[in-house]
Amino acid sequence: MPQLKSADFTNSGTTSAEKSLPLVTKKSNRIRVAYFSQDPPAIDSLSPSFDPDSYSVIVQIFDTLVYMDLDGNFKPGLATHWEKLSATRWRFYLREGVKFHNGEEFNANAVKFTFDYILNPNNNAGNRWIFSSLKRLIFDPAKPFQIDFETYKPDGMFLNRFNMFGSICPPLYIQAKGIEHFRKHPIGTGPFRFSEWSEGSHILLTRNNDYWAQGIPKINEVKFVVIPKSQWIKSFIEDKVDFIPNLSGNQTTQLMRRARGNAKIIKRPVLSSYWVMLRNQGPLASLDFRKALNYAVNKEDLVRFVDFGNAIPMASLGKQGEFGFNPELKPYSYSPHKAKALIDDLGLESPIKLKSLVADIAEPAAKVIQKNLEDVGVELELEVVSRSEWANRVVGYKIQTGKPADFDLVINIVDNPVFNLAFHAGLFLDSNSPWSLLNDKELDIRLQDTLNTADEKEHEKRLQALDRFIHEQAFMLFTTQKIITAAVKKEIDINTFGANGHLDYEVLSNANFVKE
(Lines give C-alpha, C1' and ligand atoms only; values in the text may rest on other atoms or scores of the structure.)
Protein backbone atom coordinates (compact mmCIF):
# COMPACT_ATOMS: atom_id res chain seq x y z
CA MET A 1 0.00 0.00 0.00
CA PRO A 2 1.54 3.38 -0.95
CA GLN A 3 1.96 5.57 2.08
CA LEU A 4 1.97 9.30 2.72
CA LYS A 5 4.44 10.24 5.40
CA SER A 6 4.55 13.40 7.45
CA ALA A 7 7.69 15.43 7.88
CA ASP A 8 6.38 16.72 11.18
CA PHE A 9 6.13 13.50 13.17
CA THR A 10 7.34 9.93 13.34
CA ASN A 11 4.81 7.10 13.51
CA SER A 12 6.11 4.42 15.84
CA GLY A 13 4.22 1.68 14.04
CA THR A 14 2.81 0.16 17.23
CA THR A 15 -0.83 -0.80 17.10
CA SER A 16 -3.43 0.80 19.30
CA ALA A 17 -3.79 -2.43 21.26
CA GLU A 18 -0.07 -2.44 22.07
CA LYS A 19 0.04 1.09 23.43
CA SER A 20 -0.90 1.70 27.03
CA LEU A 21 -0.21 4.97 28.82
CA PRO A 22 -1.55 5.93 32.24
CA LEU A 23 -4.52 8.23 32.21
CA VAL A 24 -3.82 11.82 33.17
CA THR A 25 -6.65 13.74 34.77
CA LYS A 26 -6.91 17.22 33.31
CA LYS A 27 -9.96 19.28 32.37
CA SER A 28 -12.10 16.22 33.16
CA ASN A 29 -9.88 14.28 30.74
CA ARG A 30 -11.99 15.54 27.82
CA ILE A 31 -11.14 16.66 24.30
CA ARG A 32 -13.48 19.08 22.56
CA VAL A 33 -13.37 18.82 18.78
CA ALA A 34 -14.43 21.50 16.25
CA TYR A 35 -15.46 19.37 13.29
CA PHE A 36 -19.09 20.25 12.53
CA SER A 37 -20.57 23.64 11.69
CA GLN A 38 -24.03 22.06 11.73
CA ASP A 39 -25.39 18.81 13.13
CA PRO A 40 -24.34 15.82 11.01
CA PRO A 41 -27.15 13.96 9.22
CA ALA A 42 -26.59 10.80 11.26
CA ILE A 43 -24.26 9.10 13.71
CA ASP A 44 -25.03 5.48 12.78
CA SER A 45 -23.95 3.55 9.69
CA LEU A 46 -27.42 2.16 8.86
CA SER A 47 -28.91 5.58 8.18
CA PRO A 48 -30.28 6.45 4.71
CA SER A 49 -27.84 9.36 4.75
CA PHE A 50 -24.33 8.89 3.42
CA ASP A 51 -22.15 11.66 4.74
CA PRO A 52 -18.45 10.79 5.27
CA ASP A 53 -18.15 13.56 7.86
CA SER A 54 -20.65 11.69 10.05
CA TYR A 55 -18.22 8.78 10.15
CA SER A 56 -15.86 10.86 12.26
CA VAL A 57 -18.35 10.14 15.05
CA ILE A 58 -19.47 6.71 13.87
CA VAL A 59 -15.95 5.21 13.92
CA GLN A 60 -15.59 6.19 17.57
CA ILE A 61 -18.75 4.26 18.55
CA PHE A 62 -18.55 1.26 16.22
CA ASP A 63 -15.93 -1.27 15.14
CA THR A 64 -15.46 -3.01 11.81
CA LEU A 65 -14.16 -6.51 11.06
CA VAL A 66 -11.06 -5.10 9.39
CA TYR A 67 -9.73 -1.58 9.59
CA MET A 68 -6.88 0.39 8.04
CA ASP A 69 -4.44 2.14 10.33
CA LEU A 70 -3.25 5.74 9.94
CA ASP A 71 -0.77 4.68 7.24
CA GLY A 72 -3.23 2.54 5.27
CA ASN A 73 -2.20 -0.92 6.49
CA PHE A 74 -4.88 -3.57 7.05
CA LYS A 75 -5.36 -4.46 10.73
CA PRO A 76 -7.58 -6.95 12.56
CA GLY A 77 -10.64 -5.41 14.19
CA LEU A 78 -13.60 -7.53 15.22
CA ALA A 79 -12.10 -10.24 13.03
CA THR A 80 -8.82 -11.65 14.36
CA HIS A 81 -7.84 -12.98 10.92
CA TRP A 82 -9.29 -13.86 7.54
CA GLU A 83 -8.57 -15.92 4.45
CA LYS A 84 -9.55 -15.88 0.81
CA LEU A 85 -11.21 -19.19 -0.04
CA SER A 86 -11.78 -18.43 -3.73
CA ALA A 87 -11.97 -15.50 -6.13
CA THR A 88 -15.41 -14.66 -4.75
CA ARG A 89 -15.42 -16.01 -1.18
CA TRP A 90 -13.73 -14.81 2.02
CA ARG A 91 -13.82 -16.31 5.51
CA PHE A 92 -13.53 -14.22 8.68
CA TYR A 93 -12.66 -15.57 12.13
CA LEU A 94 -14.24 -13.35 14.76
CA ARG A 95 -12.91 -12.02 18.04
CA GLU A 96 -14.47 -13.76 21.05
CA GLY A 97 -15.50 -12.13 24.32
CA VAL A 98 -16.44 -8.76 22.79
CA LYS A 99 -19.57 -7.03 24.08
CA PHE A 100 -21.68 -4.24 22.66
CA HIS A 101 -22.04 -1.22 24.93
CA ASN A 102 -25.33 -2.59 26.29
CA GLY A 103 -23.76 -5.95 27.19
CA GLU A 104 -25.07 -7.80 24.14
CA GLU A 105 -22.64 -10.39 22.79
CA PHE A 106 -20.83 -9.79 19.51
CA ASN A 107 -20.80 -12.84 17.22
CA ALA A 108 -21.42 -13.93 13.64
CA ASN A 109 -25.15 -13.33 14.03
CA ALA A 110 -24.44 -9.61 14.57
CA VAL A 111 -22.29 -9.54 11.44
CA LYS A 112 -24.94 -11.25 9.33
CA PHE A 113 -27.70 -9.03 10.73
CA THR A 114 -25.69 -5.88 9.92
CA PHE A 115 -24.93 -6.75 6.32
CA ASP A 116 -28.34 -8.27 5.62
CA TYR A 117 -29.81 -4.94 6.72
CA ILE A 118 -27.41 -2.96 4.53
CA LEU A 119 -28.03 -5.12 1.45
CA ASN A 120 -31.82 -5.03 1.77
CA PRO A 121 -32.92 -2.30 -0.70
CA ASN A 122 -36.07 -1.67 1.35
CA ASN A 123 -33.92 -0.29 4.18
CA ASN A 124 -32.32 2.32 1.94
CA ALA A 125 -29.02 2.23 3.85
CA GLY A 126 -26.73 5.00 2.65
CA ASN A 127 -23.68 2.71 2.57
CA ARG A 128 -25.40 -0.01 0.52
CA TRP A 129 -23.66 1.11 -2.69
CA ILE A 130 -20.27 0.58 -1.01
CA PHE A 131 -21.08 -3.10 -0.57
CA SER A 132 -22.71 -3.52 -3.99
CA SER A 133 -20.27 -6.33 -4.84
CA LEU A 134 -21.50 -8.42 -1.89
CA LYS A 135 -23.91 -11.23 -2.79
CA ARG A 136 -24.56 -12.96 0.54
CA LEU A 137 -23.20 -13.99 3.94
CA ILE A 138 -22.94 -17.66 4.90
CA PHE A 139 -23.24 -18.43 8.60
CA ASP A 140 -23.41 -21.74 10.47
CA PRO A 141 -25.06 -21.22 13.90
CA ALA A 142 -22.86 -24.02 15.22
CA LYS A 143 -19.82 -21.81 14.52
CA PRO A 144 -20.77 -18.46 16.10
CA PHE A 145 -17.35 -16.88 15.52
CA GLN A 146 -16.88 -17.72 11.85
CA ILE A 147 -18.63 -16.23 8.83
CA ASP A 148 -18.15 -16.23 5.05
CA PHE A 149 -18.73 -13.40 2.59
CA GLU A 150 -19.52 -14.19 -1.03
CA THR A 151 -19.28 -11.56 -3.78
CA TYR A 152 -20.94 -11.57 -7.19
CA LYS A 153 -17.60 -11.23 -8.95
CA PRO A 154 -13.95 -10.92 -7.92
CA ASP A 155 -13.52 -7.62 -6.08
CA GLY A 156 -10.15 -5.87 -6.00
CA MET A 157 -11.34 -3.48 -3.30
CA PHE A 158 -13.16 -6.00 -1.09
CA LEU A 159 -11.22 -5.62 2.18
CA ASN A 160 -10.93 -1.84 1.77
CA ARG A 161 -14.71 -1.51 1.84
CA PHE A 162 -14.89 -2.54 5.49
CA ASN A 163 -12.80 0.36 6.76
CA MET A 164 -15.24 2.81 8.36
CA PHE A 165 -18.25 1.65 6.37
CA GLY A 166 -18.69 -1.86 7.77
CA SER A 167 -19.65 -0.86 11.32
CA ILE A 168 -21.16 -3.85 13.13
CA CYS A 169 -24.49 -3.22 14.87
CA PRO A 170 -26.33 -5.02 17.72
CA PRO A 171 -29.25 -7.11 16.37
CA LEU A 172 -31.08 -7.75 19.66
CA TYR A 173 -31.00 -4.08 20.66
CA ILE A 174 -32.29 -2.93 17.26
CA GLN A 175 -34.98 -5.62 17.15
CA ALA A 176 -36.17 -4.69 20.65
CA LYS A 177 -35.97 -0.89 20.39
CA GLY A 178 -36.47 -0.30 16.67
CA ILE A 179 -34.23 1.29 14.08
CA GLU A 180 -35.32 4.88 14.81
CA HIS A 181 -34.41 4.53 18.47
CA PHE A 182 -31.05 3.05 17.46
CA ARG A 183 -30.33 6.06 15.24
CA LYS A 184 -30.89 8.44 18.13
CA HIS A 185 -29.14 6.21 20.69
CA PRO A 186 -26.48 4.24 18.77
CA ILE A 187 -24.73 1.30 20.40
CA GLY A 188 -21.62 -0.37 19.06
CA THR A 189 -18.52 -2.16 20.34
CA GLY A 190 -16.16 0.80 19.76
CA PRO A 191 -13.76 2.63 22.07
CA PHE A 192 -16.31 5.31 22.96
CA ARG A 193 -19.94 5.04 24.02
CA PHE A 194 -22.62 7.41 22.83
CA SER A 195 -23.74 9.65 25.69
CA GLU A 196 -25.85 12.48 24.29
CA TRP A 197 -26.62 14.51 21.21
CA SER A 198 -27.75 18.04 21.95
CA GLU A 199 -28.83 19.33 18.55
CA GLY A 200 -27.10 22.52 17.50
CA SER A 201 -24.71 22.22 20.45
CA HIS A 202 -22.65 19.03 20.71
CA ILE A 203 -22.33 15.26 20.51
CA LEU A 204 -20.81 13.73 23.65
CA LEU A 205 -19.02 10.37 23.73
CA THR A 206 -17.62 8.69 26.86
CA ARG A 207 -14.88 6.14 27.37
CA ASN A 208 -15.73 2.45 26.91
CA ASN A 209 -13.95 0.99 29.93
CA ASP A 210 -14.54 -2.55 28.62
CA TYR A 211 -13.03 -2.02 25.18
CA TRP A 212 -11.45 -5.18 23.80
CA ALA A 213 -8.21 -3.43 22.71
CA GLN A 214 -6.20 -2.92 25.88
CA GLY A 215 -4.94 0.52 26.87
CA ILE A 216 -7.35 2.61 24.80
CA PRO A 217 -9.04 4.95 24.80
CA LYS A 218 -6.89 7.04 27.08
CA ILE A 219 -9.31 9.92 27.61
CA ASN A 220 -12.69 9.91 29.32
CA GLU A 221 -14.71 12.04 26.91
CA VAL A 222 -14.79 13.30 23.34
CA LYS A 223 -17.10 16.21 22.70
CA PHE A 224 -17.84 17.16 19.08
CA VAL A 225 -18.86 20.79 19.40
CA VAL A 226 -21.21 22.22 16.75
CA ILE A 227 -19.83 25.66 15.89
CA PRO A 228 -19.95 27.68 12.63
CA LYS A 229 -16.64 27.27 10.81
CA SER A 230 -16.04 31.02 11.00
CA GLN A 231 -15.93 30.68 14.81
CA TRP A 232 -13.51 27.77 15.10
CA ILE A 233 -10.38 29.84 15.74
CA LYS A 234 -12.18 32.17 18.15
CA SER A 235 -13.50 29.17 20.07
CA PHE A 236 -10.01 27.65 20.20
CA ILE A 237 -8.56 30.88 21.60
CA GLU A 238 -11.40 31.19 24.13
CA ASP A 239 -10.76 27.62 25.32
CA LYS A 240 -14.09 26.29 24.06
CA VAL A 241 -12.46 23.71 21.79
CA ASP A 242 -9.15 21.84 21.99
CA PHE A 243 -8.74 20.31 18.55
CA ILE A 244 -9.47 21.53 15.01
CA PRO A 245 -8.79 18.57 12.68
CA ASN A 246 -9.29 20.50 9.45
CA LEU A 247 -7.95 24.03 9.64
CA SER A 248 -7.69 26.16 6.50
CA GLY A 249 -4.03 26.61 5.60
CA ASN A 250 -4.38 30.39 5.47
CA GLN A 251 -5.53 30.45 9.12
CA THR A 252 -2.45 28.84 10.63
CA THR A 253 -0.51 32.06 11.27
CA GLN A 254 -3.56 33.77 12.75
CA LEU A 255 -4.25 30.90 15.14
CA MET A 256 -0.64 30.54 16.29
CA ARG A 257 -0.35 34.27 16.92
CA ARG A 258 -3.56 34.47 18.92
CA ALA A 259 -2.98 31.22 20.80
CA ARG A 260 0.16 32.71 22.39
CA GLY A 261 2.10 29.47 22.52
CA ASN A 262 -0.78 27.21 23.58
CA ALA A 263 -1.13 25.44 20.25
CA LYS A 264 0.72 23.13 17.94
CA ILE A 265 0.14 22.48 14.26
CA ILE A 266 0.07 19.05 12.63
CA LYS A 267 0.60 18.76 8.86
CA ARG A 268 0.49 15.75 6.60
CA PRO A 269 -0.16 15.13 2.88
CA VAL A 270 -3.47 13.29 2.77
CA LEU A 271 -5.84 11.70 0.27
CA SER A 272 -8.16 14.68 0.24
CA SER A 273 -8.99 17.45 -2.19
CA TYR A 274 -11.40 20.21 -3.12
CA TRP A 275 -13.70 18.16 -5.31
CA VAL A 276 -15.62 19.92 -8.07
CA MET A 277 -18.16 17.46 -9.45
CA LEU A 278 -19.82 18.25 -12.76
CA ARG A 279 -23.21 17.35 -14.18
CA ASN A 280 -22.71 16.45 -17.84
CA GLN A 281 -25.70 18.31 -19.23
CA GLY A 282 -26.06 21.65 -21.00
CA PRO A 283 -22.63 23.10 -21.86
CA LEU A 284 -20.99 20.59 -19.50
CA ALA A 285 -22.06 17.76 -21.82
CA SER A 286 -19.28 18.99 -24.14
CA LEU A 287 -15.80 17.57 -23.55
CA ASP A 288 -14.25 20.76 -24.93
CA PHE A 289 -16.20 22.88 -22.45
CA ARG A 290 -15.13 20.66 -19.53
CA LYS A 291 -11.53 20.95 -20.72
CA ALA A 292 -11.93 24.71 -21.02
CA LEU A 293 -12.94 24.92 -17.37
CA ASN A 294 -9.84 22.96 -16.38
CA TYR A 295 -7.58 25.25 -18.44
CA ALA A 296 -9.26 28.26 -16.83
CA VAL A 297 -8.46 27.31 -13.23
CA ASN A 298 -5.15 28.49 -11.82
CA LYS A 299 -4.08 25.69 -9.48
CA GLU A 300 -1.14 27.74 -8.24
CA ASP A 301 -3.64 30.34 -7.01
CA LEU A 302 -5.42 27.57 -5.12
CA VAL A 303 -2.12 26.46 -3.58
CA ARG A 304 -1.01 30.01 -2.75
CA PHE A 305 -4.17 31.79 -1.65
CA VAL A 306 -6.40 29.00 -0.35
CA ASP A 307 -3.97 26.71 1.47
CA PHE A 308 -0.90 28.96 1.77
CA GLY A 309 1.34 26.38 0.14
CA ASN A 310 -0.25 23.39 1.86
CA ALA A 311 -1.44 21.67 -1.33
CA ILE A 312 -0.25 19.87 -4.46
CA PRO A 313 -1.75 20.51 -7.96
CA MET A 314 -3.68 17.50 -9.29
CA ALA A 315 -3.93 16.11 -12.80
CA SER A 316 -6.92 13.84 -12.33
CA LEU A 317 -8.85 11.98 -9.66
CA GLY A 318 -5.78 10.16 -8.33
CA LYS A 319 -3.75 11.50 -5.43
CA GLN A 320 -0.12 10.95 -4.54
CA GLY A 321 0.16 8.00 -2.16
CA GLU A 322 -3.16 6.46 -3.22
CA PHE A 323 -3.42 2.95 -4.64
CA GLY A 324 -4.12 3.40 -8.36
CA PHE A 325 -2.62 6.90 -8.72
CA ASN A 326 -1.20 7.45 -12.23
CA PRO A 327 2.14 9.31 -11.88
CA GLU A 328 2.45 9.86 -15.64
CA LEU A 329 -0.42 12.35 -15.82
CA LYS A 330 0.29 16.08 -15.80
CA PRO A 331 -2.14 18.72 -14.52
CA TYR A 332 -4.04 20.80 -17.06
CA SER A 333 -1.97 23.93 -17.63
CA TYR A 334 -3.33 27.31 -16.62
CA SER A 335 -4.26 28.87 -19.95
CA PRO A 336 -7.18 31.34 -20.04
CA HIS A 337 -6.40 31.90 -23.72
CA LYS A 338 -6.83 28.21 -24.55
CA ALA A 339 -9.97 28.05 -22.40
CA LYS A 340 -11.49 31.07 -24.13
CA ALA A 341 -10.67 29.67 -27.58
CA LEU A 342 -12.39 26.35 -26.78
CA ILE A 343 -15.47 28.16 -25.47
CA ASP A 344 -15.61 30.50 -28.49
CA ASP A 345 -15.40 27.53 -30.89
CA LEU A 346 -18.49 26.05 -29.22
CA GLY A 347 -20.49 29.15 -30.16
CA LEU A 348 -21.99 29.49 -26.69
CA GLU A 349 -23.63 32.77 -25.79
CA SER A 350 -21.57 34.75 -23.30
CA PRO A 351 -21.70 34.97 -20.35
CA ILE A 352 -22.34 31.30 -19.67
CA LYS A 353 -24.15 30.92 -16.36
CA LEU A 354 -23.61 27.95 -14.08
CA LYS A 355 -24.83 27.36 -10.54
CA SER A 356 -23.01 25.54 -7.79
CA LEU A 357 -23.67 24.28 -4.27
CA VAL A 358 -20.60 24.70 -2.07
CA ALA A 359 -19.83 23.24 1.35
CA ASP A 360 -18.65 26.04 3.64
CA ILE A 361 -15.29 24.38 4.24
CA ALA A 362 -14.57 24.61 0.49
CA GLU A 363 -15.70 28.23 0.09
CA PRO A 364 -12.19 29.77 -0.26
CA ALA A 365 -11.36 27.42 -3.14
CA ALA A 366 -14.77 28.00 -4.73
CA LYS A 367 -14.18 31.76 -4.77
CA VAL A 368 -10.83 31.37 -6.54
CA ILE A 369 -12.48 29.09 -9.10
CA GLN A 370 -15.34 31.55 -9.52
CA LYS A 371 -12.89 34.37 -10.32
CA ASN A 372 -10.90 32.20 -12.74
CA LEU A 373 -14.03 31.19 -14.63
CA GLU A 374 -15.25 34.78 -14.77
CA ASP A 375 -12.07 35.65 -16.68
CA VAL A 376 -13.12 33.32 -19.52
CA GLY A 377 -16.77 34.38 -19.69
CA VAL A 378 -18.34 31.87 -17.29
CA GLU A 379 -20.46 33.21 -14.42
CA LEU A 380 -20.47 30.74 -11.55
CA GLU A 381 -23.15 31.31 -8.92
CA LEU A 382 -22.09 30.04 -5.51
CA GLU A 383 -24.57 28.94 -2.88
CA VAL A 384 -22.57 28.23 0.28
CA VAL A 385 -24.06 25.97 2.95
CA SER A 386 -22.83 23.84 5.84
CA ARG A 387 -21.39 20.44 5.01
CA SER A 388 -24.38 18.76 6.62
CA GLU A 389 -26.83 20.73 4.50
CA TRP A 390 -24.69 20.05 1.43
CA ALA A 391 -24.95 16.32 2.14
CA ASN A 392 -28.73 16.56 2.55
CA ARG A 393 -29.23 18.53 -0.66
CA VAL A 394 -26.84 16.51 -2.82
CA VAL A 395 -26.64 13.01 -1.37
CA GLY A 396 -29.95 12.90 0.47
CA TYR A 397 -31.79 14.33 -2.53
CA LYS A 398 -30.49 11.66 -4.90
CA ILE A 399 -31.21 8.84 -2.44
CA GLN A 400 -34.78 10.07 -2.06
CA THR A 401 -35.54 10.95 -5.69
CA GLY A 402 -33.09 8.87 -7.72
CA LYS A 403 -32.06 12.04 -9.57
CA PRO A 404 -28.91 14.18 -9.27
CA ALA A 405 -29.25 17.49 -7.46
CA ASP A 406 -30.19 20.37 -9.74
CA PHE A 407 -26.78 22.04 -9.88
CA ASP A 408 -24.17 22.27 -12.62
CA LEU A 409 -21.35 21.87 -10.10
CA VAL A 410 -21.13 20.79 -6.48
CA ILE A 411 -18.00 21.47 -4.43
CA ASN A 412 -16.78 19.90 -1.20
CA ILE A 413 -13.68 18.59 0.57
CA VAL A 414 -13.70 14.80 0.84
CA ASP A 415 -11.00 12.37 1.96
CA ASN A 416 -10.49 8.74 0.96
CA PRO A 417 -11.00 6.45 3.96
CA VAL A 418 -10.23 3.26 2.00
CA PHE A 419 -6.97 4.38 0.32
CA ASN A 420 -8.06 3.03 -3.10
CA LEU A 421 -8.69 5.32 -6.10
CA ALA A 422 -11.77 3.28 -7.03
CA PHE A 423 -13.56 4.59 -3.95
CA HIS A 424 -13.54 8.20 -5.16
CA ALA A 425 -14.21 7.10 -8.74
CA GLY A 426 -17.31 5.31 -7.51
CA LEU A 427 -18.33 8.01 -5.06
CA PHE A 428 -17.99 11.02 -7.37
CA LEU A 429 -18.46 9.63 -10.89
CA ASP A 430 -20.39 6.34 -10.96
CA SER A 431 -23.90 7.21 -12.10
CA ASN A 432 -25.31 4.87 -9.42
CA SER A 433 -23.58 6.70 -6.57
CA PRO A 434 -25.74 8.91 -4.35
CA TRP A 435 -23.06 11.61 -4.69
CA SER A 436 -22.58 11.65 -8.44
CA LEU A 437 -24.02 14.27 -10.80
CA LEU A 438 -22.44 12.45 -13.74
CA ASN A 439 -24.08 9.94 -16.06
CA ASP A 440 -21.56 8.29 -18.36
CA LYS A 441 -22.01 4.63 -19.34
CA GLU A 442 -18.43 4.10 -20.49
CA LEU A 443 -17.08 5.38 -17.18
CA ASP A 444 -19.44 3.05 -15.29
CA ILE A 445 -18.29 0.04 -17.36
CA ARG A 446 -14.60 0.86 -16.95
CA LEU A 447 -15.00 1.29 -13.21
CA GLN A 448 -16.76 -2.05 -12.79
CA ASP A 449 -14.15 -3.77 -14.96
CA THR A 450 -11.47 -2.33 -12.68
CA LEU A 451 -13.25 -3.38 -9.49
CA ASN A 452 -13.83 -6.91 -10.77
CA THR A 453 -10.09 -7.49 -11.06
CA ALA A 454 -8.84 -9.18 -7.89
CA ASP A 455 -5.18 -9.59 -8.89
CA GLU A 456 -3.42 -6.70 -7.12
CA LYS A 457 -1.02 -5.76 -9.93
CA GLU A 458 -3.69 -5.92 -12.61
CA HIS A 459 -6.11 -4.02 -10.37
CA GLU A 460 -3.55 -1.23 -9.97
CA LYS A 461 -2.84 -1.17 -13.71
CA ARG A 462 -6.53 -0.78 -14.52
CA LEU A 463 -6.95 1.89 -11.86
CA GLN A 464 -4.16 3.91 -13.47
CA ALA A 465 -5.85 3.50 -16.85
CA LEU A 466 -9.12 4.67 -15.30
CA ASP A 467 -7.33 7.69 -13.83
CA ARG A 468 -6.07 8.56 -17.33
CA PHE A 469 -9.55 8.18 -18.81
CA ILE A 470 -11.02 10.50 -16.17
CA HIS A 471 -8.27 13.05 -16.90
CA GLU A 472 -8.75 12.90 -20.67
CA GLN A 473 -12.52 13.19 -20.40
CA ALA A 474 -12.26 16.04 -17.85
CA PHE A 475 -15.10 14.53 -15.86
CA MET A 476 -14.26 16.85 -12.95
CA LEU A 477 -12.67 20.21 -12.46
CA PHE A 478 -9.34 19.08 -11.01
CA THR A 479 -7.92 21.17 -8.18
CA THR A 480 -5.30 20.34 -5.53
CA GLN A 481 -4.44 17.57 -3.11
CA LYS A 482 -4.44 18.81 0.46
CA ILE A 483 -1.67 18.82 2.98
CA ILE A 484 -3.94 18.71 5.97
CA THR A 485 -3.45 21.24 8.72
CA ALA A 486 -4.77 20.47 12.18
CA ALA A 487 -4.49 22.54 15.34
CA VAL A 488 -4.43 21.09 18.85
CA LYS A 489 -3.78 22.48 22.31
CA LYS A 490 -0.17 22.01 23.37
CA GLU A 491 -1.19 20.07 26.47
CA ILE A 492 -2.82 17.33 24.39
CA ASP A 493 -0.75 14.47 23.02
CA ILE A 494 -1.95 14.31 19.41
CA ASN A 495 0.92 14.38 16.94
CA THR A 496 -0.43 12.52 13.94
CA PHE A 497 -3.27 12.31 11.47
CA GLY A 498 -4.44 9.56 9.14
CA ALA A 499 -2.93 9.58 5.66
CA ASN A 500 -6.42 9.12 4.25
CA GLY A 501 -7.38 12.56 5.59
CA HIS A 502 -10.15 11.25 7.82
CA LEU A 503 -10.52 11.68 11.58
CA ASP A 504 -10.05 7.99 12.30
CA TYR A 505 -10.68 6.43 15.68
CA GLU A 506 -6.95 5.83 16.31
CA VAL A 507 -6.32 9.59 16.50
CA LEU A 508 -8.74 10.16 19.39
CA SER A 509 -8.35 6.76 21.05
CA ASN A 510 -4.61 7.26 21.43
CA ALA A 511 -4.92 10.93 22.42
CA ASN A 512 -3.94 11.85 25.95
CA PHE A 513 -2.94 14.84 28.04
CA VAL A 514 0.77 15.50 28.38
CA LYS A 515 2.13 14.83 31.84
CA GLU A 516 3.18 17.95 33.70
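This one's a predicted model, so the numbers in the text were calculated from it and none came from an experiment.

Enquirer: Can you help me understand the overall build of the protein chain in this one?
Expert: Looking only at helices and strands, the protein chain features 15 helices and 18 strands. The C-alpha radius of gyration of the protein chain comes to 22 Å, within 12% of the 24 Å expected for a compact globule of 516 residues. Taken along its principal axes, the extent of the C-alpha atoms in the protein chain is 70 × 55 × 40 Å. Here the protein chain, with 516 residues, has 60% of them falling under the buried criterion. Taking as baseline every contact in the protein chain between residues at least 6 positions apart, the subset at least 24 positions apart corresponds to 74%. Total accessible area computed for the protein chain in this model is approximately 19700 Å², and 46% of it derives from carbon and sulfur atoms.

Enquirer: Which parts of the structure should I look at to understand the sheet that holds strand S4 (residues 79-86)?
Expert: Strands pair in a sheet through their backbones, by hydrogen bonds, and they do so in one of two ways: parallel or antiparallel. Judged by pairing direction, the sheet is antiparallel, and its four strands sit side by side in the order S4-S5-S7-S6 without closing on themselves. With partners counted over all chains shown, the strands left at the sheet margins are S4 and strand S6 (134-138), one partner each. The average undirected angle you get between the axes of adjacent strands in this sheet is 20°. Here S4 pairs with strand S5 (residues 89-94) via six bridges, running antiparallel. The residue bridging Ala79 from the neighbouring strand is Leu94, located in S5.

Enquirer: Help me understand helix H8 (residues 299-306) in this model?
Expert: Since the α-helix advances by 3.6 residues per turn, residues separated by three or four positions end up pointing in the same direction. Of all the positions in H8, only Lys299, Asp301, Leu302, Val303 and Val306 are classed as buried. On its buried face, H8 is in contact with strand S12 (264-278), helix H7 (287-296), strand S13 (311-313), helix H10 (363-374) and strand S18 (480-488). Sitting at the head of H8, Asn298 places a side-chain oxygen 3.0 Å from the backbone nitrogen of Glu300.

Enquirer: Would you take a moment to explain the pairing of strand S8 (residues 192-198) for this structure?
Expert: The side chains of a regular strand alternate between both faces of the sheet. Relative to strand S9 (residues 202-207), S8 runs antiparallel, the two sharing six bridges. When the sheet's bridge partners are listed, Phe192 is paired in S9 with Arg207. Adjacent in sequence and paired antiparallel, S8 and S9 are bridged by three residues, among which Gly200 carries a positive phi angle near 80°.

Enquirer: How should I be thinking about the nonpolar core in this particular structure?
Expert: Soluble globular proteins tend to pack their nonpolar side chains together in the buried interior. By size, the foremost hydrophobic cluster in this structure holds 149 residues, and its most contacted members are Leu65, Phe92, Phe149, Phe224 and Phe243. Examining the composition of this core, we find that eight residues originate from one element, helix H2 (residues 108-119), more than from any other. Here Phe224 is in contact with Val33, Tyr35, Phe36, Ser56, Val57, Gln60, Ser201, His202, Ile203, Leu205, Leu503 and Leu508, once residues within four sequence places are set aside. Counting 13 residues, the second largest nonpolar core, distinct from the first, contains Ile233, Phe236, Leu255 and Ala263.

Enquirer: Please clarify how the packing of helix H13 (residues 441-451) against helix H14 (residues 456-473) should be interpreted in this entry.
Expert: A pair of packed helices can be characterised by two numbers: the angle between their axes and the separation between those axes. Direction vectors running N to C along H13 and H14 enclose 165°, while the axes themselves pass 9 Å from each other. The pairing of H13 with H14 is recorded here as roughly antiparallel in orientation. Here the hand of the crossing between H13 and H14 comes out left-handed. Across from Glu442, Leu443, Arg446, Leu447, Asp449, Thr450 and Leu451 in H13, the residues of H14 making contact are His459, Arg462, Leu463, Leu466, Phe469 and Ile470. Along the lines of polarity and charge, the residues of the contact of H13 with H14 split into seven nonpolar, two polar and four charged.

Enquirer: Mind showing me how you'd approach the pattern of salt bridges here?
Expert: Two side chains carrying opposite charge are able to pair once their charged atoms lie near each other. Applying the stated criterion across every chain yields a total of 29 salt bridges. The salt bridge partner of Arg268 is Asp71, with a shortest N-O separation of 2.4 Å. A residue pair is termed long-range when its members are at least 10 positions apart, and Arg268 in strand S12 and Asp71 in the loop between strand S2 (66-68) and strand S3 (74-76) qualify at 197 residues. Note that Arg91 and Asp148 form a salt bridge whose closest N and O atoms lie 2.8 Å from each other. Taken together, the residues span a long stretch of sequence, with Arg91 in strand S5 and Asp148 in strand S7 (residues 146-151) at a distance of 57 residues. Exposure remark for Arg91: the relative accessible area of 21% places this residue in the partly exposed category.

Enquirer: In this structure, what is going on with the pairing of strand S16 (residues 409-415)? I would like to understand it.
Expert: With seven of seven residues buried, S16 is to be regarded as a mostly interior element. By the alternation rule, side chains of S16 split into Leu409, Ile411, Ile413 and Asp415 and Val410, Asn412 and Val414, which are all buried. One ladder, built from seven bridges, connects S12 with S16; its direction is antiparallel. Bridging from a neighbouring strand, Val276 pairs with Ile411 of S16. Bridge analysis of strand S14 (residues 352-359) against S16 gives three bridges, and the strand direction is parallel. Note that in S16 the partner of Val358 across the bridge is Ile411.

Enquirer: Teacher, can you tell me more about unusual backbone geometry here?
Expert: Among all residues save glycine, negative phi is the norm, and among peptide bonds the norm is trans. In this chain, Ile216 is followed by Pro217 through a cis amide linkage whose omega measures -5°. Tracing the backbone shows Pro217 in the loop between S9 and strand S10 (221-226). The omega torsion across Ser350 and Pro351 is 0°, close enough to zero to call that bond cis. Tracing the chain through its elements places Pro351 in the loop between helix H9 (336-345) and S14.

About the cut-offs
- Residues numbered from 1 in each chain as written.
- Predicted model: local features only at pLDDT ≥ 70, side-chain atom pairs only at ≥ 80, totals over all residues.
- Heavy atoms only, no water.
- Helix = DSSP H or I, 4+ residues; strand = E, 2+ residues; numbered from the N terminus.
- Rg over C-alpha atoms; globule rule 2.2 N^0.38 Å.
- Buried < 20%, exposed > 50% of the residue type's maximum accessible area, 1.4 Å probe, protein only.
- Contact = heavy atoms within 4.5 Å.
- Areas by Shrake-Rupley, 256 points an atom, 1.4 Å probe, with all protein chains shown as cover.
- Pairing = 2+ DSSP bridges.
- Axes fitted to C-alpha atoms, helices over the stretch in contact; angles between N-to-C directions.
- Polar contact = N/O pair within 3.5 Å; in protein donor to acceptor, adjacent residues only side chain to side chain.
- Core = buried A, V, L, I, M, F, W, Y, C linked by side-chain atoms within 4.5 Å.
- Parallel < 35°, antiparallel > 145°, perpendicular 65-115°, else oblique.
- Left-handed = near helix turned anticlockwise from the far one by under 90°.
- Nonpolar A, V, L, I, M, F, W, Y, C, P; charged D, E, K, R; others polar.
- Salt bridge = Lys/Arg side-chain N within 4 Å of Asp/Glu carboxyl O.

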